[in-house]
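Structural description and commentary
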Amino acid sequence: MVKGYSDPAMEDKFQDRYFHTTDSNPEFLKDVEKLSRSIPHMCFQCGTCTGSCPSAPRSSYRIRKFVRRAVLGLEKESLTDPDLWLCTTCYSCTDRCPRDIAPTDVIMAMRNLAFKWDIVPRNFLKTIQLIYNTGHGVPNNDVNRAARVKLGLEAEPETTHKYPEYLPGIRKIMDHYHMKENADRILSEGEH
Ligand code: SF4
Ligand code: SF4
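Below is a short write-up of the structure. (Residues numbered from 1 in each chain as written. Chains lettered and ligands numbered in written order. Predicted model: local features only at pLDDT ≥ 70, side-chain atom pairs only at ≥ 80, totals over all residues. Heavy atoms only, no water.)

**Examining the site of ligand 1**
Around ligand 1, a shell composed of Cys43, Phe44, Gln45, Cys46, Gly47, Thr48, Cys49, Arg64, Cys97, Pro98, Arg99 and Pro103 is seen. Split into classes, the residues belonging to the shell around ligand 1 amount to seven nonpolar, three polar and two charged. (Near = heavy atom within 4 Å. Nonpolar A, V, L, I, M, F, W, Y, C, P; charged D, E, K, R; others polar.)

This is the structure in structure tokens:
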């Protein structure tokens, strides 16, 4: 709930930190559950997930908080939080959750939803461009080609590098989801 200061600095400083029922979008929980194929609504906030998380001791990232936000339908808070991208997807939380929730997959679902808001770190977008252009997230290069030849291997591996005729199929899948188009657009907007 916003009191409505006209000055953005004041707005930021005195933002309302109470949770109101109107802050909750129940569709957000449904979207997260559908995409993650998990059951965050069963979370009882034991904290085992955050206690397992390698990112937690070194940052403000708290997986338990993100699961709580999913349950409460706090869409904007979840998707605009930079900590969303600090999960290493190590699956320790998923291994240990006593309620068989997959918090890792809750995070993956939220990242997918954030991408639809154009919120995504640049390295993901660059990876999309590389896969679109070469079929590889980490493509071959001249140094590695020389190293491969020295090892008695062919310069190019048995992949799309050697058989580029498979690239159009990969591009067709990516075009279906407008991945390259969105990556190019977001990257170019960021450069202005
Ligand atoms: S471990 Fe499972 S039940 Fe416990 S807080 Fe994390 S998600 Fe919730
Ligand atoms: S999967 Fe992500 S949230 Fe879960 S413990 Fe690993 S880094 Fe933390």
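**Remarks on a nonpolar patch on the surface**
Taken together, the side chains of Tyr5, Met10 and Phe14 make up a nonpolar region of the molecular surface, amounting to roughly 250 Å² of accessible area. Relative to the assigned elements, Phe14 resides in the loop between helix 1 (8–13) and helix 2 (26–36). (Patch = residues over 30% accessible without salt bridge, like charges linked within 9 Å, V, L, I, M, F, W, Y side chains within 5 Å. Areas by Shrake-Rupley, 256 points an atom, 1.4 Å probe, with all protein chains shown as cover. Salt bridge = Lys/Arg side-chain N within 4 Å of Asp/Glu carboxyl O. Helix = DSSP H or I, 4+ residues; strand = E, 2+ residues; numbered from the N terminus.)

**Here we look at the layout of surface pockets**
Estimated volume of the second largest pocket: approximately 420 Å³. As for the second largest pocket, its lining consists of 15 residues, of which Arg111, Asn112, Phe115, Ile128 and Met179 are closest to the centre. Of all elements in the fold, only helix 7 (103–116), helix 8 (122–134) and helix 11 (179–190) reach the threshold of two or more residues within the lining of the second largest pocket. If you tally residues by element for the lining of the second largest pocket, the top one is helix 7, at five residues. (1 Å grid on protein atoms, 1.4 Å probe; cavity = no way out; pocket = protein on both sides within 12 Å on 5 of 7 lines; lining within 4 Å. Points joined across faces, edges and corners; volume = space filled by probe spheres on them.)

Remember, this is a structural readout, not a statement about activity or role.
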